2 protein chains.
Amino acid sequence: MNILSSAALPIENRKKLNKTFPEINFIFCESIEEAKDHLSTAEIIITYGDDLSENILNQTSNLKWVMVIAAGIDKLPFEALHKRDILVTSAKGIHKAPMSEYVFFMMMSVYRQGKRLIENEKNKVWTRDIQMEEITGKSLLIAGTGVIGQEIAKVAKAFQMKTIGVSRSGKTVNHFDKNITHKEMKTHLNEVDFVVSVLPSTSGTQGFFKYEHFEAMPNHAVFINIGRGDAVRAEDVLKAVQEKEIYHAVLDVFETEPLSSDHPFWEEENITVTTHLSGVSPHYFNRALEIFSENLKSFQEDGRELVNIVDTQKGY
Amino acid sequence: MNILSSAALPIENRKKLNKTFPEINFIFCESIEEAKDHLSTAEIIITYGDDLSENILNQTSNLKWVMVIAAGIDKLPFEALHKRDILVTSAKGIHKAPMSEYVFFMMMSVYRQGKRLIENEKNKVWTRDIQMEEITGKSLLIAGTGVIGQEIAKVAKAFQMKTIGVSRSGKTVNHFDKNITHKEMKTHLNEVDFVVSVLPSTSGTQGFFKYEHFEAMPNHAVFINIGRGDAVRAEDVLKAVQEKEIYHAVLDVFETEPLSSDHPFWEEENITVTTHLSGVSPHYFNRALEIFSENLKSFQEDGRELVNIVDTQKGY
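Per an unreviewed UniProt entry, the recorded name for chain A is D-2-hydroxyacid dehydrogenase, and the organism is Salipaludibacillus neizhouensis. Quoted verbatim from the Sequence similarities (unreviewed entry) field of UniProt, the annotation for chain A is "Belongs to the D-isomer specific 2-hydroxyacid dehydrogenase family."

Pasting the structure below:
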């Protein structure tokens, strides 16, 4: 069996795959360009998910499985994959630790005046006259109750926070005090201190947060987006901060990335911009390829234990 | 009964005390200077604990109880208080939430390159090429296993950290995977990623962390001091960072405060200086006076339920 990787994998991960699966012919490439010559024989492709155009897909003839080693899968050519009945799995879950840490880091950066602390240190200013808020005991609404949302809620409980989870079904999920549906969200926004979006990009989540939602939040609310940038329109979140409908927005993802250097987000005092790095982790490849390896073992057997299967019709 | 406060209390807290204890004559002052005229009649003094000199104490004649509305009590004239058998209670415990938050905020600031993120935002630099570490799963040694140490350990468990508690007795304490004595500490330092000191200032804790302890830590270790500055000598922690025995030190407390503007700590890249504010909280007075009120009720009855009693002979 030929397994082709268009994702540049670290040497140690390549070695480990070769050692774990000696019977398999791995072709490790640095990019889809380099991988092109091997598309026709590949049965499995390992990819970041952003380099598989329909055109690329047409050059494969033995492809059975696309393993995306990222959590976001919104750039895949779903229709073509569905038509050819190609299995797609993701690395969903590998980002839960870093993304959860990011959320708490940012909550406390805002509440504990991180920027001012660094400024004071730089200027060697000794002052104890700094207003600080506590996240302990506050209310947190999380849109998206998958593995990442659950991890955030779990840590939030250690800080005695109240946790509300928002999902399509509103079904009960671990670590949430309350689970509500998308439709029910608006009526709960007035009771929360933090709103975190971990929503992926699907047809149902684009423009999910509207200006009216920010209006419904308390004026001291902090909005944090670590899912996908298109869950909210830039002009809505900008206006909400400028009109003081909310106190602060922490944005790690944007409708267009990289964020252009003249975008007003950069200079807005009550918007914190980071550069799509909430999921950055030194354990990224190990975790992604651990999921892949377990799936590959199952695939070689009967495929019953496969995890993180993507519904190519629905796109998630 | 006359209760004198030399601590400037917010109006709403004064009102609440008057309402809760209508039979008591509260004398609310802004400072010990203003309080001086009332010392002779005061039976109870509410103080931050840093304004009660032996001279002041000699001007009291009816004093039965000193309520310190701070966690640190090391500036009290213990000998004189002990001699006159005056009850001393503290507000121990009120800082656990903000101090625990501070620790996790700072751990993540160091691991997630907080200063660089802010710098990049300021300069509108879009880059995803930033090394980040996770605190999840790391090892944390906490010197001091009282209420604050336990709160930190509790949150650490939500991040799946390994927690080692260091105390005089080494007795088993909640939320710690392992409890060891002061003497045993050195042999465990090589296995930890973070070392947090919440030690108070007593004769047994001054200079507690020595250069040899930093040598025993891994080179990537991060040392965080939120207890008292004299738990470690400035030159030892400075040398440990400069010689790369440890990676980073986060210091909120110092041998001499305020830290002088020419102190080398300010400019050392791998030392983070904050200005004794890990315990700053908007809930400070409410929490401190809640402890005081409960103690006062008990004091009016039979005194059996008094909490946070300080041993004036031992000084803690």
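Resuming the write-up.
## Digging into the overall build of chain A
Along the backbone of chain A there are 11 helices and 12 strands. Taken over the C-alpha trace, chain A has a radius of gyration of 22 Å; the compact-globule value for 316 residues is 20 Å, and the two agree within 12%. With the principal axes as the frame, chain A shows a C-alpha extent of 65 × 45 × 40 Å. Residues classed as buried in chain A amount to 59% of the 316 residues present. Expressed as a percentage of contacts within chain A between residues at least 6 apart in sequence, the contacts between residues at least 24 apart total 59%.

## A short note on the UniProt feature "domain: D-isomer specific 2-hydroxyacid dehydrogenase catalytic" (unreviewed entry) in chain A
Those residues carrying the UniProt feature "domain: D-isomer specific 2-hydroxyacid dehydrogenase catalytic" (unreviewed entry) are residues 20-301 of chain A in this numbering. As annotated, residues 20-301 of chain A comprises 32% helix and 16% strand, and the C-alpha atoms at either end are separated by 15 Å.

## A word on the pairing of strand β9 (residues 194-197) of chain A
Each regular strand carries side chains that alternate between the two faces of the sheet. All names here are of chain A. The two faces of β9 match: F194 and V196 on one face and V195 and S197 on the other face are all buried. Here strand β6 (residues 139-143) runs beside β9; their pairing, made up of four bridges, is parallel. When the sheet's bridge partners are listed, I142 is paired in β9 with V196. Across four bridges, β9 lies against strand β10 (residues 222-225) in parallel orientation. Bridging across to β10, V195 finds its partner in F223.

## Some thoughts on the interface of chain A and chain B
Interface size is often expressed as the accessible area that is lost when the parts come together. If you look at the interface, chain A gives 56 residues, while chain B gives 55 residues. Overall, the association of chain A and chain B removes approximately 5,000 Å² of surface from exposure, summing both partners, and the carbon and sulfur fraction of that is 60%. It is E101, E121 and W126 of chain A that lose the most area in chain A upon contact with chain B, and together they represent 17% of the buried surface on that side. Counting the contacts that link chain A with chain B gives eight salt bridges. Note that R287 of chain A and E134 of chain B form a salt bridge whose closest N and O atoms lie 2.8 Å from each other. Where chain A packs against chain B, one counts 22 residue pairs in polar contact (both at pLDDT 80 or more). At the level of secondary structure, the elements contributing two or more residues to the side of chain A that touches chain B comprise α5 (96-111), α6 (114-122), α7 (147-158) and β12 (271-273) of chain A. For the side of chain A that touches chain B, the leading source of residues is α5 of chain A, giving nine residues.

## Details of the relation of the copies chain A and chain B
Laying chain A over chain B is done by rotating through 180 degrees and shifting 0.0 Å along the axis; what remains is an RMSD of 0.1 Å. Such a turn and shift between the copies fits a two-fold axis.

## A few points about the packing of aromatic side chains
Per the counting criterion, the structure on display carries 27 aromatic pairs over all chains. Geometrically, the ring pair formed by Y284 of chain A and F285 of chain A is edge-to-face, given 5.3 Å between the ring centres and 80 degrees between the ring planes. Grouping residues by exposure puts Y284 of chain A and F285 of chain A together as buried. Geometrically, the ring pair formed by F208 of chain B and F209 of chain B is edge-to-face, given 5.2 Å between the ring centres and 80 degrees between the ring planes. Judged by its relative accessible area of 1%, F209 of chain B is buried. Taken together, the ring pairs in this structure connect F104 and F159 of chain A together with F104 and F159 of chain B into an aromatic cluster. Across from the ring centre of Y211 of chain A, 4.3 Å away, lies the NZ or CZ of K239 of chain A, which sits over that ring.

## Let's talk about the sheet that holds strand β2 (residues 25-28) of chain B
Residues and elements named next belong to chain B. Taken in spatial order, the five strands of this open sheet run β2-β1-β3-β4-β5, and their pairing is parallel. The sheet is open, and its two borders are formed by β2 and β5 (87-89), each paired with just one other strand. Neighbour to neighbour, the strand axes of the sheet diverge by 15 degrees on average, direction disregarded. As defined by bridge partners, strand β4 (residues 65-68) adjoins β5 across three bridges and the pair is classed as parallel. Looking at β5, one finds that V66 is bridged to V88. Each of β1 (2-5), β2, β3 (44-47), β4 and β5 touches helix α11 (residues 284-300); the most contacted strand, β4, lies at about 160 degrees to it.

## Structural notes on the environment of F21 of chain B
All names here are of chain B. Here F21 shows up in the loop between α1 (11-20) and β2. A relative accessible area of 2% means that F21 is categorised as buried. Residues contacting F21, with those up to four places away along its chain left out, are F26, S293, L296, K297 and Q300.

## Here we look at the domain arrangement of chain A
Residues and elements named next belong to chain A. Looking at the assigned domains, one finds that chain A contains domain 1 (2-92 + 282-300) and domain 2 (96-273). Just the C-alpha atoms count here: the centres of domain 1 and domain 2 sit 33 Å apart. Contact with domain 2 buries area across many residues of domain 1, yet D74, K92 and R287 alone supply 81% of it, more than any other trio. At the boundary of domain 1 with domain 2, the tally comes to one salt bridge. Viewed at the interface, domain 2 and domain 1 are joined by one residue pair in polar contact (both at pLDDT 80 or more). For the side of domain 1 that touches domain 2, the class distribution of residues is no nonpolar, one polar and three charged.

Criteria and cut-off values
- Residues numbered from 1 in each chain as written.
- Chains lettered and ligands numbered in written order.
- Predicted model: local features only at pLDDT ≥ 70, side-chain atom pairs only at ≥ 80, totals over all residues.
- Heavy atoms only, no water.
- UniProt positions renumbered as here; feature names shortened; annotations may be inferred.
- Helix = DSSP H or I, 4+ residues; strand = E, 2+ residues; numbered from the N terminus.
- Rg over C-alpha atoms; globule rule 2.2 N^0.38 Å.
- Buried < 20%, exposed > 50% of the residue type's maximum accessible area, 1.4 Å probe, protein only.
- Contact = heavy atoms within 4.5 Å.
- Pairing = 2+ DSSP bridges.
- Buried area = accessible area lost by both parts, 1.4 Å probe.
- Salt bridge = Lys/Arg side-chain N within 4 Å of Asp/Glu carboxyl O.
- Polar contact = N/O pair within 3.5 Å; in protein donor to acceptor, adjacent residues only side chain to side chain.
- Least-squares fit on C-alpha atoms with pLDDT ≥ 70 in both.
- Phe/Tyr/Trp six-rings, centres within 6.5 Å; stacked < 30°, edge-to-face > 60°.
- Lys NZ or Arg CZ within 6 Å of the ring centre and 35° of its normal.
- Axes fitted to C-alpha atoms, helices over the stretch in contact; angles between N-to-C directions.
- Domains from an automatic or database assignment.
- Nonpolar A, V, L, I, M, F, W, Y, C, P; charged D, E, K, R; others polar.

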